[in-house]
Amino acid sequence: MPAAHINSHLDRCLLLNPAGHAEPAAGPHGPGERPKGLSPPRTKRRRLSESSALKQPATPTAAESSEGEGEEGDDGGETESRESYDAPPTPSGARLIPDFPQPGEERLREEAGRCGRRGGERVSAELGRGGGAGGGRSGGRRRWGRGCRRRGRPGPLGSRRRRAAAAAAFGASGAGRAHSRALAAEEIRQMLEGKPLADKMRPDTLQDYIGQSRAVGQETLLRSLLETNEIPSLILWGPPGCGKTTLAHIIANNSKKHSIRFVTLSATNAKTNDVRDVIKQAQNEKSFFKRKTILFIDEIHRFNKSQQDTFLPHVECGTITLIGATTENPSFQVNAALLSRCRVIVLEKLPVEAMVTILMRAINSLGIHVLDSSRPTDPLSHSSNSSSEPSVFIEDKAVDTLAYLSDGDARIGLNGLQLAVLARLSSRKMFCKKSGQAYSPSRVLITENDVKEGLQKSHILYDRAGEEHYNCISALHKSMRGSDPSASLYWLARMLEGGEDPLYVARRLVRFASEDIGLADPSALPQAVAAYQGCHFIGMPECEVLLAQCVVYFARAPKSIEVYSAYNNVKACLRNHQGPLPPVPLHLRNAPTRLMKDLGYGKGYKYNPMYSEPVDQEYLPEELRGVDFFKQRRC
Ligand SMILES: Nc1ncnc2c1ncn2[C@@H]1O[C@H](COP(=O)(O)OP(=O)(O)OP(=O)(O)O)[C@@H](O)[C@H]1O
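Rules used in this analysis
- Residues numbered from 1 in each chain as written.
- Predicted model: local features only at pLDDT ≥ 70, side-chain atom pairs only at ≥ 80, totals over all residues.
- Heavy atoms only, no water.
- Salt bridge = Lys/Arg side-chain N within 4 Å of Asp/Glu carboxyl O.
- Helix = DSSP H or I, 4+ residues; strand = E, 2+ residues; numbered from the N terminus.
- Buried < 20%, exposed > 50% of the residue type's maximum accessible area, 1.4 Å probe, protein only.
- Core = buried A, V, L, I, M, F, W, Y, C linked by side-chain atoms within 4.5 Å.
- Contact = heavy atoms within 4.5 Å.
- Pairing = 2+ DSSP bridges.
- Axes fitted to C-alpha atoms, helices over the stretch in contact; angles between N-to-C directions.

K.L.:
Lay out the pattern of salt bridges in plain terms, naming residues and giving numbers.
P.N.:
Scanning all chains against the criterion turns up 16 salt bridges. The partner of Arg261 in a salt bridge is Glu285, and the shortest N-O contact between them spans 4.0 Å. Here the residue Arg261 occupies a position in strand S3 (residues 261-266), and Glu285 occupies one in helix H10 (residues 272-289), the gap between them amounting to 24 residues. A salt bridge links Arg424 to Asp450; the shortest N-O distance between them is 3.0 Å. Of this pair, Arg424 sits in helix H16 (residues 410-434) while Asp450 sits in helix H17 (residues 448-455), and the two are 26 residues apart along the sequence. Looking at Arg424, the relative accessible area reads 31%, which means it is partly exposed. Connected through shared salt-bridge partners, Arg481, Arg511, Glu515 and Asp516 make up one network.

Written out as structure tokens, the structure reads:
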């Protein structure tokens, strides 16, 4: 289901005036300064409108279960379109994507300063607290696939121009610039230690918030509300790492400037009493100081119904403005009453171009230079020792790969980058230490392999308990029903590679065998049962081929829903029946005792094998005589 539809569907829940008022289109931000020493941009101008660039799929919703599919939902198409972009400058060998805002730059430098002052002790203490480079805030709760047995190769997005185009399109504010001087490897290493890079790079302003133009683009209602600081109650719904918390953080920043309180709770650890305390405080602030309170609840779906009910009257009377963030479909996870008082904002997986922009901002902030792999001469081949030259480089294809493998999750991308750079720099330091050489900030190259290792997990992100689980099984079911073996295999692999339980898929195949193939090929059911048992015997990964065989068999098999429909007709007939159900005709009853025989049980029954001709006998109750469930739905 396209995002627009989801939004319009959810808009019905609004108390707010849903009519978006268009803001005067803000012009592009002024170009930022280019770092010294870079050759001027080879500008091949095209234009890229953010809205068109972000024609991303809406997260399909399981709300739209089609008949007979129980837990399935329609799927949305994934489209991306680009209209234009700016080509990047191409300094000799090293490439610096131009002029991105550097929200985290100051923070990174401060960190580096602190690290430098306090040395490794603090760093290890922070790592010990679980901050770790790749840690990510929600690393623990995310379900990863079963590892990286088969890592998909990134597609052919590797061109420098396309990367830069994406960067230019998404990083519109142009306020920042890369480091004006080259940083030493050790300096970069210190910047990266401690907090996850994703946290350090969290933007503070809407200008630095990349992508998500459908939700907060220049012409959206939400954008104008945010800019005028008229914050409505919101539910931010989107996949992990797409910027829900970041958007809340930006709102918080803005609110503070307007003396609005911003309180954050996480539903993973907050108790109902915590919520009550916040509400009480909000009431006091409102009555004594006329101060508004915004309450941000991360992972609001983790609150149960009664906990969610706690907010209801206070959102209603304006004591608090609620902002909830959730990865789960709010139609199922948020109370309907609460939902109807909030505006639901659907955030989408960040497209690759947006990911590149986010990564490039971090890379620029760190003073790392991107190496253009297509150029024959590169700075690594020069033997200059000038301290003004960059010392850490990253392959351009490594940036692309990272953007691809992050699957629209900026946290994964940024923390993967952090791990890759840290691992490389640290191993170099170790090497120097072991070999007795002085550790010098000479040139280090981060390669595509480094980032792949940095990710250390399957790039197939698949939430076995959430939305993706239902979306993928639905897509598999529909692909088989549509007799598309190739698509069927694709969805099967998406699930298995993402760590889905093979028995879950096998159970669905058993159901499919009867529901969609039925008597068109009666051997489908034994196939499915055999696949189920086979999976049970041998488990993953060996059983994947059993499932693949069965899935292709089913996709190619003839289909019949005759039995399935007829049975549904019978069920409908029973459900719609008014009054007591008709008795079983006496002649069809068994008569094991004399009394029953005396009562007429079994009387007049014609035992079919005794007849050579077709037997004229009724089998339905009297009042259903003549009903054919294969032909009619109601009786
Ligand atoms: N739209 C964005 N623009 C710029 N940076 C972003 C954006 N989205 C995410 N990021 C970066 O990714 C990091 C993680 O994003 P964030 O915490 O907002 O994700 P989330 O959607 O709340 O994820 P989760 O559901 O896992 O909590 C941020 O700290 C920020 O550095």
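K.L.:
How would you summarise the nonpolar core if you had to cite specific residues and measurements?
P.N.:
One finds Ile394 and Leu417 to be the most contacted residues of the largest nonpolar core, which totals 40 residues. Of all elements in the fold, only helix H5 (185-192), helix H6 (197-200), helix H14 (352-366), strand S8 (392-395), helix H15 (396-405), H16, strand S9 (444-446) and H17 reach the threshold of two or more residues within this core. Top element by residues in this core is H14. It accounts for ten residues. Discounting residues that sit within four places of it in the chain, Ile394 has contacts with Ile363, Ile368, His369, Val370, Leu371, Val399, Leu417, Leu445, Ile446 and Val451. With 27 residues, the next largest nonpolar core counts Met480, Met495, Tyr504 and Val505 among its residues.

K.L.:
How would you sum up the sheet that holds strand S5 (residues 320-326)? Please name residues and give values.
P.N.:
Read across the sheet, five strands follow the order S3-S4-S5-S2-S6 without closing on themselves; strand pairing throughout is parallel. Two strands bound the open sheet, and with one partner strand each, they are S3 and strand S6 (343-346). For this sheet the average axis-to-axis angle between neighbouring strands, irrespective of direction, equals 15°. Sheet analysis places strand S2 (residues 234-237) next to S5, joined by four bridges and oriented parallel. Across the sheet, the residue bridging to Leu234 is Ile323, located in S5. The strands that H10 touches are S3, strand S4 (293-298) and S5; relative to S3, the one it contacts most, it runs at about 175°. Here helix H11 (residues 305-316) sits on the sheet and contacts S4 and S5; the angle it forms with S5, its principal contact strand, is near 135°.

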